[in-house]
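A structural walkthrough
Here are the chains, one letter per residue:
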Amino acid sequence: MANITGLIGYPVAHSLSPVIHHYWMRQHGIDGAYKLFTTAPARLRQTLLRFQKNEGMGFNITVPHKEAVLPFMETLDPVATRIGAVNTVQVREGALHGYNTDAYGFITHLTQQATPSLEHVVILGAGGAARAAIVALQQAGAVRITLMNRTWESAQALAQAFGCEAIAWDVSGTALADATLVVNTTSLGMAGQPPLNLSLQHLQSEAVVYDIVYKPLQTSLLKAAANRGCRTVDGLGMLLYQAQKAFEVWHGVLPAVDDALRKQVLAQLTEEA
Ligand code: ATR
């Protein structure tokens, strides 16, 4: 039987996931398809109940459903439990089993591109992506994490839940003075979104700067960081590695993130730009 996998979100039309999963399915001789399921919040429950009948099916969950799907999961993996969000589901024995591969994607890409000291990590943002980054970084041994966010109250709530520090957004960037790693988890700097307004004047050149935005690949944050001599990490790898782990959950094999895949994904990104 063909393997049907896919993505539930709203919107999903511009997702790069079909290119990624079809590449690996071809590489591993897996017959099937990765489909996009545009699902408005009001239809989420109905869609999940329908998919629950498709034994062996696997699907990803994206914005805005990653938290809303939690009550429908029969089991949750420990990372999904800790983050409080699911991005990967497998249908087994008539039930939905939830996983979160975002933290894996985040840290795998980071450690492949750079070996930053985790002495003081400054995370920009306090939403779902920030939670995945915190869980990944704490698991990797981060000593101190500071959350800087437009809405201080959300940063404070997250900081309390995860044992971090919270500060208000500070355009002058003084909080970056002793940062060893800076991570942007907001959508600021993404095509169509406002720019990220933060001076890097205090940042040391030994620091690593990681932007999870991948459209454009070289955000203005990464350009400014590179100008200071900092090592930079773009957001495309996180997308590829979270997909790698999801593919393993569904198909039982960890596929390679190779240059030909990157090329195909980049070609699609450029085409859409
Ligand atoms: P995700 O799950 O992708 O992290 P989210 O949970 O909606 O999405 O979180 C978005 C993050 O980007 C938040 O930290 C948000 O800041 P607020 O908590 O102040 O809303 C941040 N963000 C989004 N748009 C922003 C903007 N225009 N200016 C500053 N921060 C913004």
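The structure this text deals with has already been given above.
Summary of the structure given here. (Residues numbered from 1 in each chain as written. Predicted model: local features only at pLDDT ≥ 70, side-chain atom pairs only at ≥ 80, totals over all residues. Heavy atoms only, no water.)

Looking at the overall build of the chain
Applied cut-off: A run of H or I in DSSP becomes a helix once it reaches four residues, and a run of E becomes a strand once it reaches two; helices and strands are each numbered from the N terminus. Throughout, the radius of gyration refers to the C-alpha atoms, and the reference size of a globule is 2.2 Å times the residue count to the power 0.38. Partly exposed describes any residue whose relative accessible area lies between the buried limit of under 20% and the exposed limit of over 50%, with all areas from a 1.4 Å probe on protein chains only and scaled to the type maximum. Using a 1.4 Å probe, accessible areas were evaluated by the Shrake-Rupley method; residue-level cover was limited to the displayed protein chains. The charge count includes Lys and Arg as positive and Asp and Glu as negative, but it does not include His or the ends of the chains. By convention, charge coordinates are those of NZ in Lys, CZ in Arg, CG in Asp, or CD in Glu.
Of regular secondary structure, the chain possesses 9 helices and 12 strands. Over its C-alpha trace the chain gives a radius of gyration of 19 Å, about what one expects of a compact globule, namely 19 Å for 273 residues. Projected onto its principal axes, the C-alpha positions of the chain cover 55 × 40 × 35 Å. Every one of the 273 residues in the chain was classed for burial, and the buried ones make up 50%. In the structure as shown, the chain presents an accessible area of about 12,200 Å², 52% of it carried by carbon and sulfur atoms. Of the charged side chains in the chain, 19 are positive and 20 negative; the average position of the first set lies 6 Å away from that of the second.

Section: the pairing of strand β9 (residues 165–168)
Note the cut-off: For two strands to pair, DSSP has to find at least two bridges joining them. Handedness rule for crossovers: strands pointing away from the viewer, path from the first strand over the helix to the second running clockwise, crossover right-handed.
Pairing analysis gives 4 bridges linking strand β8 (residues 144–149) to β9, with the strands arranged parallel. Residue pairing across strands places Thr 146 opposite Glu 165, the latter belonging to β9. In this view, the connection linking β8 to its parallel neighbour β9 by way of helix α6 (residues 152–162) has right-handed handedness.

Some details on the side chain of Thr 186
This is how the line gets drawn: Polar contacts, as used here, are pairs of N or O atoms within 3.5 Å; protein pairs need one atom able to donate a hydrogen and one able to accept it. Residues neighboring in sequence count only if both atoms are side-chain atoms. In what follows, a contact means two residues having at least one pair of non-hydrogen atoms within 4.5 Å.
Note that Thr 186 resides in the loop between β10 (181–184) and β11 (208–211). On the basis of relative accessibility, which here comes to 15%, the residue Thr 186 falls in the buried class. A polar atom in the side chain of Thr 186 sits 2.8 Å from the side chain of Asn 184. Within the structure, the side chain of Thr 186 is placed 3.1 Å from the backbone nitrogen of Leu 188, a separation counted as a polar contact. In contact with Thr 186, other than residues within four places in its own chain, are Leu 124, Gly 125, Leu 196 and Val 213.

Thoughts on the pattern of salt bridges
Pairing is possible between side chains that carry opposite charge, provided their charged atoms lie close to one another. Selection criterion: Any Lys or Arg side-chain nitrogen found within 4 Å of a carboxyl oxygen on Asp or Glu counts as a salt bridge.
Using the criterion set out here, one finds 5 salt bridges in the structure. Of the charged contacts, one joins Lys 66 and Asp 102 as a salt bridge, the two residues approaching to 2.8 Å between their closest N and O atoms. Residue Lys 66 is located in the loop between β3 (58–61) and β4 (75–76), and its partner Asp 102 is located in helix α4 (residues 102–113); the two are separated by 36 residues in the primary sequence. Asp 102 sits in the buried class, given a relative accessible area of 9%. Between Glu 248 and Lys 245 there is a salt bridge, with the nearest N and O atoms lying 3.0 Å from each other. Remark: Lys 245 and Glu 248 occur in helix α8 (residues 236–251); sequence separation between them is 3 residues, near one turn of the helix.

Comments concerning the sheet that holds β3
Formally: Simply put, an axis is a line fit to the C-alpha atoms, just over the touching stretch for a helix, and the angle between two N-to-C directions goes from 0 to 180 degrees.
Overall, mixed pairing links the 6 strands, which are arranged β2-β1-β3-β5-β6-β4 in an open sheet. Of all strands in the sheet, those bounded by a partner on one side alone are β2 (32–38) and β4. Strand direction decides the pairing type here: strand β1 (residues 3–9) and β2, joined by 7 bridges, are parallel. Bridged to Asn 3 within β2 is Gly 32. Across the sheet, helix α1 (residues 17–27) is in contact with β1, β2 and β3; its angle to β2 comes to roughly 165 degrees. Relative to β1, helix α2 (residues 44–51) is tilted by about 170 degrees, and along the sheet it contacts β1, β2, β3, β5 (88–92) and β6 (95–99).

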